[in-house]
Amino acid sequence: MAEYPILTELLNLPNVKVVYFQQVGQNRCNLVVESTLPAALCPICQQASTNLHDQGEPQMLRDLSIWDRRCWLRLTPRRFKCATCQNTFVERLAWREPERDYSLRYEQHIYQRARKEPITQVAKDESLSEEAVQGLFERWAKKRSPHAAGRL
Ligand SMILES: [Zn+2]
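Reference entry: report on the structure contained in this document. Source: prediction; values computed, not measured. (Residues numbered from 1 in each chain as written. Predicted model: local features only at pLDDT ≥ 70, side-chain atom pairs only at ≥ 80, totals over all residues. Heavy atoms only, no water.)

## Description of the sheet that holds strand S9 (residues 88–90)
Argument step 1. Ordered in space as S5-S8-S9, the three strands form an open sheet in which the pairing is antiparallel. On the outer flanks of this sheet lie strand S5 (52–55) and S9, each paired with one strand and no other. Averaged over all pairs of adjacent strands, the angle between strand axes in this sheet comes to 30°, irrespective of strand direction.
Argument step 2. Taken together, the three bridges between S5 and strand S8 (residues 78–81) define a ladder with antiparallel strand orientation. Paired with Asp54 across the two strands is Arg79, which belongs to S8. (Pairing = 2+ DSSP bridges. Helix = DSSP H or I, 4+ residues; strand = E, 2+ residues; numbered from the N terminus. Axes fitted to C-alpha atoms, helices over the stretch in contact; angles between N-to-C directions.)

Structural data, given as structure tokens:
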């Protein structure tokens, strides 16, 4: 696949590169990204593994809009096999929490908006369901509470 160093630089997310991009209609774009990490840490024994096992189903992750286009990142999760403990595990990337459909910075963006604007407005502007916006807001409000901060 091709590489787009300038898009990778503009995207500004650690440890991924842009290998494809696609405009979808007037107000959406998709970027296909790939991990650039040579190894992943086994969550069981903390050993670095370079032993690629397989790949999961591609995931579409919402990221910040660019130039007034809603933006999705297509990421294919890589699964590694640990040579030390034989565990297989999915690689983690710092800019997205496992199982989430958004980049962390997008979740934060929605949280910041939802603090100041009605949930219905944010949902409409971002083409998200109100439930999704509400869920993101509560999730980040919890993270930001003094109780949570004290544990950091
Ligand atoms: Zn291991």
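## Details of the coordination of the zinc ion
Argument step 1. Within the first shell, the zinc ion binds the protein through Cys42 (SG), Cys45 (SG), Cys82 (SG) and Cys85 (SG), at distances of 2.3 Å.
Argument step 2. One way to put it: the four donor atoms around the zinc ion meet at angles of 98 to 120°, and that makes the site tetrahedral.
Argument step 3. Here the donor residues of the zinc ion are spaced in sequence according to C-x2-C-x36-C-x2-C.
Argument step 4. You can call Cys42 buried: its relative accessible area is 0%. (Donors = N, O, S within 2.8 Å, 3.2 Å for Na, K, Ca; no water. Tetrahedral: all angles 85-135°; square planar, octahedral: opposite > 155°, others 65-115°. Buried < 20%, exposed > 50% of the residue type's maximum accessible area, 1.4 Å probe, protein only.)

## Some words on the pairing of S8
Argument step 1. Only one face of S8 is buried: it carries Arg78 and Phe80, and the other face, with Arg79 and Lys81, is open.
Argument step 2. Count of turn residues in the S8/S9 antiparallel hairpin: six residues, of which Gln86 carries a positive phi of about 70°.

So, to be careful, I would describe these as geometric facts and stop short of saying anything about function.
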